[in-house]
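This is what each chain is made of:
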Amino acid sequence: MISVQVASNYSKYGQDISIRHLYLAADEPPSLGGDDVGPTPTELILAGLGSCKAITLQMYAERKGWKLESVAVELSYGSEEQQPTIQAKLTLEGDLDEQQRQRLRDISDRCPVHKLLTTPVTIQTKLA
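Note on numbering: residues in each chain are counted from 1, in written sequence order. Side-chain atom pairs in this predicted model are given and counted only at pLDDT of 80 or more, local residue features only at pLDDT of at least 70, and totals for whole chains, interfaces and linings cover all residues. Side-chain metrics in this entry use all non-hydrogen atoms of the structure; hydrogen atoms and water are not considered.

Quick word on a nonpolar patch on the surface
Heads up, the rule is: Patch rule: a residue counts if its relative accessible area is over 30% and it has no salt bridge; like charges are joined within 9 Å, and nonpolar side chains (Val, Leu, Ile, Met, Phe, Trp, Tyr) within 5 Å. The accessible surface values rely on the Shrake-Rupley method and a 1.4 Å probe; as for residues, cover is taken only from the protein chains in view. One side-chain nitrogen of Lys or Arg within 4 Å of one carboxyl oxygen of Asp or Glu is enough to make a salt bridge. Strands are runs of DSSP state E lasting at least 2 residues, helices are runs of H or I lasting at least 4, and numbering of each runs from the N terminus.
Where nonpolar side chains cluster on the molecular surface, the patch consists of Ile45, Tyr77, Ile86, Leu116, Leu117, Val121 and Ile123 and spans about 680 Å² of accessible area. The topology assignment puts Tyr77 in strand E4 (residues 67-80).

Structural data, given as structure tokens:
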């Protein structure tokens with residue numbers, strides 16, 4: 001099981017995040033009343049998705065012996081006609097043919113975070 005701890009910090013809406021031995025912060029921008037001490041929760045989700053896609057592609061290409069040199073993922077979130085949509089644009093660098101590039105695009109949609117975000121999830125919230 002994966003475990004993450006989040007607790008309010010010194011800023012108005014800021015949150016301290018602990019993940020294993022790592023620490024980061026989340027907040028809202030000043031336009032929403034925050035102090036902008038970290039990414040927004042939505043930005044953190046997009047960062048997790050982009051990171052997962054890139055890592056998945058690097059691992060897959062490595063196993064296949066493909067010459068994938070680097071991966072960049074540009075993500076955006078918005079609502080089109082009341083439908084929330086995440087756009088992910090992949091930039092793949094390396095000596096890859098078109099068939100390999102298409103296969104990597106398909107594989108990127110199989111990363112664990114993509115699956116998590118596109119599958120119904122039960123969230124159980126309890127009081128401590």
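From this point, the discussion proceeds with the structure in view.
Considering the layout of surface pockets
Here is the rule: Residues are said to line a cavity or pocket when one of their atoms sits within 4 Å of a point; the points come from a 1 Å grid over protein atoms alone, cavities being sets where a 1.4 Å probe fits but cannot get out and pockets being open sets with protein on both sides within 12 Å along at least five of seven lines. Grid points are joined across faces, edges and corners, and a volume is the space filled by probe spheres set on the points. Classification convention: Asp, Glu, Lys, Arg as charged; Ala, Val, Leu, Ile, Met, Phe, Trp, Tyr, Cys, Pro as nonpolar; all other residues, Gly among them, as polar.
Quantified by volume, the largest pocket comes out at close to 590 Å³. Around the largest pocket, the lining is made up of 15 residues, and of these Ile2, Val4, Ile19, Leu44 and Gly48 lie nearest the centre. Of all elements in the fold, only strand E2 (15-19), helix H1 (41-64) and helix H3 (112-118) reach the threshold of two or more residues within the lining of the largest pocket. Here the lining of the largest pocket takes four residues from H1, the largest share from any one element. Of the residues in the lining of the largest pocket, the class split is twelve nonpolar, two polar and one charged.

Some points on the pairing of E2
Under the convention used in this document: A pair of strands is considered paired only if DSSP assigns at least 2 bridges between the two.
In this sheet, E2 lies alongside strand E1 (residues 5-8) in antiparallel orientation, the contact comprising four bridges. Each bridged residue has a counterpart across the sheet, and for Ser8 the counterpart in E2 is Gln15. The antiparallel hairpin formed by E1 and E2 contains six residues in its connecting segment. Across five bridges, E2 lies against strand E3 (residues 22-26) in antiparallel orientation. What sits directly across from Asp16, in E3, is Ala25. Taking the residues that link successive antiparallel strands as the turn, the E2-E3 hairpin has two residues, and the phi of Arg20 there is positive, at about 55 degrees.

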